[in-house]
Amino acid sequence: MHRRAPQRFSTPVAKPPARAFAAVIAANAALAFGPWFVRMADTGPVAAAFWRILLAAPLLCVAAFASGARPGRLTGSLWALLAISGVAFAADLGFWHLGIVRTTLANATLFGNSATLIFPVYGFLVARAWPGRAQGAALLLALSGGALLLGRSYQLDPRHLGGDLLCLLAGILYALYFILMLRVRATMASLPALALATLASILPLLAFAMLLGERIVPHAWGSLIGLALVSQVVGQGLMIYALGQLSPLVIGIALLTQPIVAGAIGWVVYDERLGAPDLVGVALVAAALVLVRRTPRLAPAVPPMAEDA
């Protein structure tokens, strides 16, 4: 009589696909331009988030329909997941945009991506497995680099604390959005999933902006169009695609490329200079990305992702 082999909650798979890895890096580079567009907008910060979503929604819906998506085929539970995802994303953008105008670009982006830690931890809990040595080392390097960047930003001006806290709250909501969209992506391709979640976030953002008494209608549209195309269509589009192809650990560490790019923008545009410790932080994050790219990962115990056309 043979003993039954113990159940495995995760299985080794190949290292992250090159196309998906390139997509998540490009997504974060595009998303890092968001705070700059928000600062340039002549509306309120939450109103800018509303226009980001409203202007991007038609393009995403057309692309999703062209890919063969038909909303009538969705189940009630999937509709509920999409609705909650949209509200979570709206809250994330609202609090993040409020924080952007109260702190540096690099700090706003770093705190706004605190999902760097939350999302990988969620992935390990779902997989019921601790990270391997190389995975743990990559996460430790990334968190060390992020903490160094954060500490430097706070030292430059403690008055940024209010904006930092708003962005931290946004980061928690961003992690919730990722978790919800990971479940959506188990049965939906990336384009329809993003299009429907985007639609669900329009009204909450408009209500939030009106509640704050912000200016809604802009005089100049350039920065808002850039915000919609670069951040929502390109940035979120590539991010949701990568979400179906990469582990939470890879996604989480890749998020730390955003404050690096945002810090460079802040340095060039607003003279928010990076010192030697900041550059060390950047190097630690880069090393983490190289390590996690070269290391085989463990597939989390979640349903397989829906394929993209």
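Rules of the game
- Residues numbered from 1 in each chain as written.
- Predicted model: local features only at pLDDT ≥ 70, side-chain atom pairs only at ≥ 80, totals over all residues.
- Heavy atoms only, no water.
- Helix = DSSP H or I, 4+ residues; strand = E, 2+ residues; numbered from the N terminus.
- Buried < 20%, exposed > 50% of the residue type's maximum accessible area, 1.4 Å probe, protein only.
- Contact = heavy atoms within 4.5 Å.
- Areas by Shrake-Rupley, 256 points an atom, 1.4 Å probe, with all protein chains shown as cover.
- Core = buried A, V, L, I, M, F, W, Y, C linked by side-chain atoms within 4.5 Å.
- Phe/Tyr/Trp six-rings, centres within 6.5 Å; stacked < 30°, edge-to-face > 60°.
- 1 Å grid on protein atoms, 1.4 Å probe; cavity = no way out; pocket = protein on both sides within 12 Å on 5 of 7 lines; lining within 4 Å.
- Points joined across faces, edges and corners; volume = space filled by probe spheres on them.
- Nonpolar A, V, L, I, M, F, W, Y, C, P; charged D, E, K, R; others polar.
- Lys, Arg positive; Asp, Glu negative; His and termini not counted.
- Salt bridge = Lys/Arg side-chain N within 4 Å of Asp/Glu carboxyl O.

Of regular secondary structure, the chain possesses 14 helices and two strands. Within the chain, buried positions represent 52% of all 309 residues. Residue pairs in contact within the chain that sit at least 24 positions apart in sequence constitute 92% of those at least 6 positions apart. Accessible area of the chain: about 13900 Å², with a carbon and sulfur share of 70%.

Below, the discussion takes up the environment of Ala41. Positionally, Ala41 belongs in the loop between helix 2 (34-40) and helix 3 (45-66). The sequence separation of Ala41 and Leu227 amounts to 186 residues, and the corresponding C-alpha distance is 9.2 Å. Sequence-distant contacts of Ala41, defined by excluding residues within four places in its chain, comprise Ala48, Ser223 and Leu224.

Next up on the list: the nonpolar core. Tyr177, Met239 and Ile251 are the most contacted members of the largest nonpolar core, which totals 68 residues. Per-element accounting of this core gives the leading share, eleven residues, to helix 3. Filtering out sequence-adjacent residues up to four positions away, Tyr177 remains in contact with Ser85, Ala88, Phe89, Leu194, Gln236 and Ile240. Core analysis: the next-biggest nonpolar cluster, separate from the first, contains ten residues, Ala138, Leu249, Val285 and Ala288 among them.

So, on to the packing of aromatic side chains. Overall, the coordinates contain nine aromatic pairs when judged by the stated rule. The interplanar angle of 40° and the centroid separation of 4.5 Å between the aromatic rings of Tyr174 and Phe178 together place this pair among those described as tilted. You can see Tyr174 and its partner Phe178 sitting in helix 8 (residues 161-184), four residues apart, about one turn around the helix. Both residues of the pair, Tyr174 and Phe178, count as buried.

A few words now on the environment of Phe89. Tracing the chain through its elements places Phe89 in helix 4 (residues 76-100). Those residues in contact with Phe89 that lie beyond four places of it in its chain are Arg52, Ile53, Tyr174, Tyr177, Ser201, Gln232 and Gln236.

So, about empty space enclosed by the protein. Using the criterion set out here, one finds two cavities of 30 Å³ or more in the structure. Its volume calculated, the second largest cavity comes out at about 100 Å³. Here the residues of the lining of the second largest cavity are counted per class, giving five nonpolar, four polar and two charged.

Now for the side chain of Asp92. With respect to the helices and strands, the residue Asp92 is situated in helix 4. One buried charged side chain, Asp92, makes no salt bridge at all; its nearest oppositely charged neighbour is Arg52, positioned 6.7 Å away.

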